[in-house]
Amino acid sequence: MKLITILLGLSYCLSAQKPHLKEAVKFPLGSSVNPRLLNENEAYRNIATTEWTSLTAENHMKMMLIHPAADRFDFSKGDEIVNFATASGKRMHGHTLVWHNQVPQWMKDFQGDQKAWESLLKSHIQTVVSHYKGKIAGWDVVNESFLDDGSLRPSLWADHIPDYIAKSFQWAHESDPGAILFYNDYGQDGKPKKMQAILDLVADLKRRGIPIHGLGLQMHINVDSKRNELQEVLDKSIKTGLKIHLSELDIAVNPKNNPDFIYEEKVASAQAEQFNFVFKSYMKIPAAQQYGITFWNISDKDSWLRGYFKRPKEYPLLFDDKYAKKPAYTTLINSLHTLN
Ligand code: XIL
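Quick summary incoming for the structure in this document. Along each chain, the written sequence defines residue order, and numbers are assigned to residues from 1. Selection of residues for local features in this predicted model requires a pLDDT of at least 70, selection of side-chain atom pairs for listing and counting requires 80 or more, and totals for whole chains, interfaces and linings are taken over all residues. Calculation of side-chain values draws on the structure's entire complement of heavy atoms; hydrogens and water are dropped beforehand.

Focus: unusual backbone geometry
A cis geometry characterises the amide bond from His95 onward to Thr96, with omega recorded as -5°. Topologically, Thr96 is positioned in strand β3 (residues 91–98). Of note, the phi angle at Met219 is positive, near 65°, even though the residue is not glycine. On the secondary structure map, Met219 appears in the loop between β6 (214–217) and β7 (220–222). Only DSSP runs of H or I reaching four residues or more are called helices, and only runs of E reaching two or more are called strands; each is numbered from the N terminus.

Right, dumping it as structure tokens:
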């Protein structure tokens, strides 16, 4: 009885001392954010303020939103997020300069020779990076360039600009030599060819003296994702010596979008264990390589898996539809306390 009282007291003290996730880890921790929710939703804003030390714009620094017309950039919403980050003392991560997705129509319609395409992309990258120079710690310079079989993904950029990945890193570096530059991608676990293509890219860029400093592993994973495969991706990534960012973490529980799915205790606790695994593995990375962990969205309600993929019965994050901490949050913070 006495022992139980002491243990309860101890755990109370520990949780009273470290009530927020950001205090339970030694690396930057955050989520992607949406400026409308930051403005309108107090619970959302409170979590961003109290739980995180780092923020990423979910959409508002992507080409489609930040560069809506050939002769016009719109930094308004990106700036709002950066101002919020500055005012609340958070690190800002930039996402993303070059991607095949969320490209504005005018770029899709653009006609020109290789030189014209290069100058379009260079001026996009350099205008955005210069605008945020000194305010954004690191950039996802290039996002999702490889297919599962390891080949280069066909895209506007791959189709019109030979060696566009290397050039993009070079151009970003010219505009902000202090920024940490990342290659970001998803789904490397269980896809050895995709993983190898990324490692080959890193080796090639390094050999040529092209500035690349980090690898973003998106980590859109499932409750059933195999831990040995996830660990292998981490181990191979660490070996590059680059900084590692778990850049878009969420753990799907209903990936097949079963309409009758019930988020019951068994699957919720398996999900909590999966979160613990991801954090514990990340904590084993040398501190100098820990750029941080970023969740993709804050609560289940705002998850892109519900919106973008139309999966209403998905619950991939640590906060529920009412922005309350889920049991997975408590399991995680308790397990981190015992490690730190
Ligand atoms: C997603 C956003 O969350 C959605 O709101 C948007 O409609 C589509 O893009 N990989 C990425 C992110 O690098 O930019 C994507 O974000 C999710 C997948």
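On we go.
Some words on helix α12 (residues 227–239)
Here the expected span of a helix is defined as 1.5 Å times the quantity of residues minus one. The end-to-end C-alpha distance of α12, which contains 13 residues, comes to 18 Å, matching closely the 18 Å that a straight helix rising 1.5 Å per residue would cover. Buried within α12 we find Leu230, Val233, Leu234 and Ser237. Buried residues of α12 fall within an arc of 95° about the axis and therefore sit on the same side. For α12, the exposed residues set more than 90 degrees away from the buried face come down to Asn228 and Lys239. We call two residues contacting when some pair of their heavy atoms lies within 4.5 Å. Lining the buried residues of α12 we find α11 (192–207), β6, β7, β8 (243–252) and α13 (265–283). Once α12 finishes, Gly241 follows within two positions and takes phi at roughly 80°, a positive value. To sort residues, take the accessible area from a 1.4 Å probe on protein chains only and compare it with the maximum for the residue type: under 20% means buried, over 50% means exposed, and anything in between is partly exposed. Regarding the arc, it is the one traced by the directions from the helix axis to the C-beta atoms.

Some points on helix α10 (residues 164–175)
Counted at 1.5 Å a residue, the expected span for α10 with its 12 residues is 16 Å, and the 17 Å between its end C-alpha atoms agrees. Looking only at α10, the buried set comprises Tyr164, Ile165, Ala166, Ser168, Phe169, Trp171, Ala172 and Ser175. Looking at the buried positions of α10, the neighbouring elements they touch are β3, α8 (114–131), β4 (138–143), α9 (156–160), β5 (180–185) and α11.

Section: the packing of α8 against α10
To define axes, lines are fitted to C-alpha atoms, for helices over the stretch in contact only, and angles between the resulting N-to-C directions are given on a 0 to 180 degree scale. With their axes 9 Å apart at the nearest point, α8 and α10 run at an angle of 40° to one another. Between α8 and α10, the crossing angle belongs to the class labelled oblique. As for how α8 packs across α10, the hand of that crossing is right-handed. Contact residues: α8 offers Gln114, Glu118, Leu121, Lys122, Ile125, Gln126, Val129 and Ser130, while α10 offers Lys167, Ser168, Trp171, Ala172, Glu174 and Ser175. Residue polarity follows a fixed list, in which Ala, Val, Leu, Ile, Met, Phe, Trp, Tyr, Cys and Pro are nonpolar, Asp, Glu, Lys and Arg are charged, and the others, Gly among them, are polar. Along the lines of polarity and charge, the residues of the contact of α8 with α10 split into five nonpolar, five polar and four charged. By the definition adopted for this analysis, an angle is roughly parallel if under 35 degrees, roughly antiparallel if over 145, roughly perpendicular if from 65 to 115, and oblique otherwise. In this scheme, a crossing is called left-handed if the near helix is turned counterclockwise away from the far one by less than a right angle; it is called right-handed if the turn is clockwise.

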